[in-house]
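As a plain string of letters, each chain reads:
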Amino acid sequence: MMTSIEEALTQKKELVIEASTGMGKTIGYLLPAVNFALDTGKQVLISTYTTHQQDQLVLKEGKMVEEFIGAPVRISLIKGVSHYIDLARFVELLQGDDESYDETFTIMQVLVWLTATETGDLNEINASSGGQFVLDKIRRSHIRKLSKQEKQADFYEFALKQAQHAHVIVTNHAFLLNQHLSKKSILANVDAYIWDEAHQVVQAAVSQHEKTFVYTQWKYIFGQIGSLDEKQLAASLFETAQRTGFSTVPEMMKLESLFLRFTALFDEISTFVANEFAANFAASRHKKIRHS
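Figured I'd write up the structure that's included with this text. Within every chain, residues take consecutive numbers counted from 1 along the sequence as written. The predicted origin of the model limits local features to residues at a pLDDT of at least 70 and limits the giving and counting of side-chain atom pairs to 80 or more, whereas totals for whole chains, interfaces and linings rest on all residues. Note that water and hydrogens are dropped before the side-chain values are worked out from all heavy atoms of the structure.

Looking at the overall build of the protein chain
Going by this rule: A run of H or I in DSSP becomes a helix once it reaches four residues, and a run of E becomes a strand once it reaches two; helices and strands are each numbered from the N terminus. Type-normalised accessible area, obtained with a 1.4 Å probe on protein chains alone, sets the label of each residue: buried when under 20%, exposed when over 50%, and partly exposed for intermediate values. Calculation of accessible area relied on Shrake-Rupley with a 1.4 Å probe; when residues are assessed, cover is drawn exclusively from the protein chains displayed. The positive count covers Lys and Arg only, the negative count covers Asp and Glu only, and His and the chain ends enter neither. The atoms used to mark charge sites are NZ of Lys, CZ of Arg, CG of Asp and CD of Glu.
Scanning the protein chain from N- to C-terminus turns up 13 helices and 4 strands. Taking all 292 residues of the protein chain together, the buried fraction comes to 35%. With the model as given, the accessible surface of the protein chain reaches about 19,000 Å², and the carbon-plus-sulfur share is 57%. Side chains of the protein chain carry 29 positive and 35 negative charges; the gap between the two charge centres is 5 Å.

Structure (structure tokens):
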């Protein structure tokens, strides 16, 4: 396997390999990739299906290959921008006055984590389900443009710079498929590509155009808005309206009524969709059992 991959890299040929799980295929393609990069000065890009596979490849197999070669190997790990913390957003979160347990605890986790992390990858934080909603507030996004000063301390920008000087770049299918849209492509010096679990590339491409509806996330957002009796965003808005006079009390009460009706309708529709899905799933499962 290693010999075939080495020949494909040096001769710039395409090669498809199917290997069973547990036979060491990661080392089987990583070692020839590193040798090729060291010999030619060109980069090799390895793309995996999941970010978990990325982490394992760099932290486990990458170190094994480096020990085997006996020389330092620069293996750069880069993920999609939303995996990284937005420090400016985190500062804004620190200045808020939300005193919920999940938010307070997760903020403390992030503060401790920032003293040790070398990547800024939020996946390193073992947060609760409520804590994940907090982490979503401080993720980097293509929507917000960073200033020059912010870029100097940004983890995603740092990962891009590391990729420019790496022997091997490790990324995932979704990130790689988006590179043709990026103004900062990491592919300029890449001379060879290795797709781990290449059969998942189509699914990765399709998933980029999917939208996921998560009921608990929406309920969390509604909880953050709250009613006028709760010390959440709606109550703060009501106090601001009274203080500044930008809205009257009847208008605010009408707004609250519309919000409560909306959340009730949201629960009703969600329950209906969940029941329909459960019924259809049970029916399809019954058909399979009967046919078998």
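On we go.
Points about the sheet that holds strand E1 (residues 43-48)
Heads up, the condition is: In this scheme, strands are said to pair when DSSP sees at least two bridges between them. In this analysis an axis means a line fitted to C-alpha atoms, helices contributing only their contacting stretch, and an angle means the value between N-to-C directions, from 0 to 180 degrees. By definition, residues are in contact when any of their heavy atoms lie within 4.5 Å.
Taken together, the 4 strands give an open sheet; going across it, the order is E2-E3-E1-E4, and neighbouring strands pair in parallel fashion. Bordering the open sheet on either side are strand E2 (75-77) and strand E4 (190-195), each of which pairs with just one other strand. The sheet shows a mean angle of 25° between the axes of neighbouring strands, direction not considered. Taken together, the 5 bridges between E1 and strand E3 (residues 168-172) define a ladder with parallel strand orientation. Of the residues in E3, the one forming a bridge with valine 44 is valine 168. Strand contacts of helix H2 (residues 25-40): E1, E3 and E4, with the helix running at about 155° to E1, the strand carrying the most contacts. Of the strands in this sheet, E1, E2 and E3 touch helix H3 (residues 51-69), which is tilted by about 155° from E3.

What to know about the pattern of salt bridges
Quick reminder of the rule: Within this document, salt bridges are pairs made up of a side-chain nitrogen of Lys or Arg and a carboxyl oxygen of Asp or Glu, the two lying within 4 Å of each other.
One pass over the full model with this rule turns up 11 salt bridges. With a closest N to O distance of 2.8 Å, aspartate 86 and arginine 144 form a salt bridge. Linking aspartate 86 in the loop between E2 and helix H4 (87-94) with arginine 144 in the loop between helix H6 (129-137) and helix H7 (148-152), this pair joins segments that are 58 residues apart in sequence. Exposure remark for arginine 144: the relative accessible area of 25% places this residue in the partly exposed category. Glutamate 150 is paired through a salt bridge with arginine 144; the nearest N and O atoms lie 3.3 Å apart. Classification of glutamate 150 as partly exposed rests on a relative accessible area of 27%. The structure contains a network of salt bridges with shared partners spanning Asp86, Arg89, Arg144 and Glu150.

Regarding helix H11 (residues 215-225)
Of the positions making up H11, those classed as buried are Tyr220, Phe222 and Gln224. One or two residues past the end of H11 sits glycine 226, with phi positive at roughly 70°.

Thoughts on the pairing of E3
A large share of E3 lies buried, amounting to 5 of its 5 residues. Sheet analysis places E2 next to E3, joined by 3 bridges and oriented parallel. Residue serine 76 lies in a different strand from E3, and its bridge partner there is isoleucine 169.

Some words on the packing of H4 against helix H5 (residues 101-114)
Cut-off, in case you're wondering: Should an angle lie under 35 degrees it is considered roughly parallel, over 145 roughly antiparallel, and from 65 to 115 roughly perpendicular; all remaining angles are considered oblique. Left-handed describes a crossing whose near helix is turned anticlockwise from the far helix through less than a right angle; right-handed describes the clockwise counterpart.
At a minimum axis separation of 11 Å, H4 and H5 run at an interaxial angle of 135°. Judged by the angle between their axes, H4 and H5 are oblique. Along this stretch, H4 crosses H5, giving a crossing that reads as left-handed. In this structure, H4 uses Leu87, Phe90, Leu93 and Leu94 to contact H5, whose residues at the interface are Glu103, Ile107, Val110, Leu111 and Leu114.

Keep in mind these values describe shape, not function.
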